[in-house]
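Overview (structure and organization)
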Amino acid sequence: MIKPAKPARENISPSDLTFGLSTCKRCLWIKYWFKVTMPGQFPLVGTMAALQEEHFQGADMPTIDPSLRPGKVTKWGEWVKSKPLVVHGAETRWRILGKYDLVATNEDGTIGLIDCKVSDSQRDSGQFYSPQLEAYAYSLENPAAGRAQTVASIGLLVWKPTTAIGTSVDNYGFGVFQKYVPVERDQANFLTVIGEFINVLEGELPDAGPECQTCNYIVARNALD
Ligand code: SF4
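Let me begin by describing the structure that accompanies this report.

Conventions used here
All residue numbers refer to positions counted from 1 along the written sequence of the respective chain. Side-chain atom pairs in this predicted model are given and counted only at pLDDT of 80 or more, local residue features only at pLDDT of at least 70, and totals for whole chains, interfaces and linings cover all residues. Water and hydrogen atoms play no part in the side-chain values, which are based on all heavy atoms of the structure. Numbering of helices and strands starts at the N terminus; helices are DSSP runs of H or I of at least 4 residues and strands are runs of E of at least 2. Burial classes follow relative accessibility: with a 1.4 Å probe on protein chains only, a residue under 20% of its type's maximum area counts as buried, one over 50% as exposed, and anything between as partly exposed. A contact between two residues is defined here by any heavy atoms of the two lying within 4.5 Å. Exposure was quantified through the Shrake-Rupley algorithm and a 1.4 Å probe, taking into account, for residues, occlusion by the shown protein chains and nothing else. Positive charges come from Lys and Arg alone, negative charges from Asp and Glu alone, with His and the N- and C-terminal ends not counted. In plain terms, the charge of a residue is placed at NZ if it is Lys, CZ if Arg, CG if Asp and CD if Glu. Any two strands with at least two DSSP-identified bridges between them are counted as paired. The near set for a molecule or strand comprises every residue that places at least one heavy atom within 4 Å of it. Residues are grouped as follows: Ala, Val, Leu, Ile, Met, Phe, Trp, Tyr, Cys and Pro are nonpolar; Asp, Glu, Lys and Arg are charged; all remaining types, including Gly, are polar. We call a set of buried Ala, Val, Leu, Ile, Met, Phe, Trp, Tyr and Cys residues a nonpolar core when their side-chain atoms join them within 4.5 Å. Each polar contact in these results corresponds to two N or O atoms within 3.5 Å; when the atoms are within protein, one needs to be able to donate a hydrogen and the other to accept it, and residues that are neighboring in sequence are counted only if both atoms are side-chain atoms. Orientation is described by axes fitted as lines to C-alpha atoms, over the contacting stretch for helices, and by angles from 0 to 180 degrees between their N-to-C directions. An angle counts as roughly parallel when it lies under 35 degrees, as roughly antiparallel when it exceeds 145, as roughly perpendicular when it falls between 65 and 115, and as oblique in every other case.

**Quick look at the overall build of the protein**
A count of helices and strands for the protein gives seven helices and ten strands. Along the three orthogonal principal directions, the C-alpha set of the protein runs to about 55 × 50 × 25 Å. Burial statistics for the protein: of 225 residues in total, 39% are counted as buried. Contacts spanning at least 24 positions in sequence make up 66% of the contacts within the protein whose residues lie at least 6 apart. Element-wise, carbon and sulfur atoms account for 54% of the exposed surface of the protein, whose accessible area totals about 13,000 Å². For the protein, the distance from the average position of its 22 positive side-chain charges to the average position of its 25 negative side-chain charges is 6 Å.

Put into structure tokens, the structure is as follows:
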């Protein structure tokens, strides 16, 4: 595979800093240099996330979690784009581009960033999602255009489905257990992760992961031709 003169996309998606980096770097590389993305199958994820997000529009932050600063959720589902990322003092061609879930305007002028999840995964830890949330925070604090903001808190708002509820076809639904997981600000770790990510992108095509069913299928299928 010959690397083109320019990547097909120069905007890094925050979610690639969690799921992308923790799986296989080869597919990531292909995604950014050729804009060819492995199709994912996540039925219901978008619908559930949209419902959860909508539920908290205008919410008071301390009602979500008492640890949060006084303020209200004032924005949701907006795109943010950063200035070019600087790694080891050098400006790169890469920027962050992503759509956050909820942003609160705090009474002290700072903002709070919340990422919504409907999930029962053990992986919903602050540490796993820290680079993704920091990427949004970085974009808000170093925007490509407009006023830079100060992000006072970042965290996950997790809904874990626990029960089926309702008594008739008009009101069936799912009950959830809600937890807010505060994520400690760690920009130094974000800069390390994004530096590693950019090194992968700027390098040659990485090897495929040996355990990926998709790649094993493609290799086996191609061998039949
Ligand atoms: S092993 Fe192959 S299909 Fe799987 S993620 Fe890596 S490059 Fe993509």
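Picking up after the structure, the text goes on.
**Describing the sheet that holds strand β6 (residues 95-99)**
With respect to topology, three strands assemble into an open sheet ordered β1-β6-β3, the strand pairing being mixed. Each edge of the sheet is formed by a strand with only one pairing partner; in this case those strands are β1 (11-12) and β3 (79-81). Examined bridge by bridge, β3 and β6 share three bridges and lie antiparallel to one another. Bridging from a neighbouring strand, W79 pairs with K99 of β6.

**Details of the site of the ligand**
Every residue lining the ligand is accounted for by C24, R26, C27, M38, A208, G209, C212, T214 and C215. Sorting the residues of the shell around the ligand by element identifies α2 (25-34) and α7 (213-223) as the ones contributing at least two each. Of the residues contributing to the shell around the ligand, the split by class is six nonpolar, two polar and one charged.

**Looking at the side chain of S13**
Examined against the element boundaries, S13 turns out to sit in the loop between β1 and α1 (19-22). Ignoring any residue separated from it by four or fewer positions in sequence, one finds S13 in contact with Y32 and L97.

**Focus: the nonpolar core**
Core analysis: the biggest nonpolar cluster contains 19 residues, and I12, L17, L85, F190 and I194 have the highest contact counts within it. Elements represented by at least two residues in this core include exactly α2, α5 (126-141) and α6 (187-202). By residue number, the principal contributor to this core is α6, which donates six residues. Not counting chain neighbours up to four residues away, the residues in contact with L17 comprise I12, P131, A135, F190, V193, I194 and F197. Counting residues in each nonpolar core, the second largest holds 17 residues, with Y100, V103, Y129 and Y136 among its members.

**Quick look at the side chain of Q132**
Counting through the fold element by element, Q132 comes out in helix α5. Its relative accessible area of 5% is what places Q132 among the buried residues. Polar side-chain contacts of Q132 include one of 3.0 Å to the side chain of T18. Excluding anything up to four places from it in sequence, Q132 contacts P14, S15, T18, D115 and K117.

**Some details on unusual backbone geometry**
Even without being a glycine, K35 presents a positive backbone phi close to 60°. With respect to the helices, strands and loops of the structure, K35 is situated in the loop between α2 and α3 (45-55). On the accessibility criterion, K35 (58% relative accessible area) is exposed. A positive phi angle, near 50°, is found at H88, a position not held by glycine. Mapped onto the fold, H88 is located in the loop between β4 (86-87) and β5 (90-91). Taking relative accessible area as the criterion, H88 reaches 81% and is therefore assigned exposed.

**So, the packing of α2 against α6**
As a packed pair, α2 and α6 sit with axes 9 Å apart at the nearest point and diverge in direction by 70°. In terms of their interaxial angle, α2 and α6 are classed as roughly perpendicular. Two secondary-structure elements touch here, α2 through K25, L28, W29, Y32 and W33 and α6 through E196, F197, V200, L201 and E202. Per-class residue counts for the contact of α2 with α6 are seven nonpolar, no polar and three charged.

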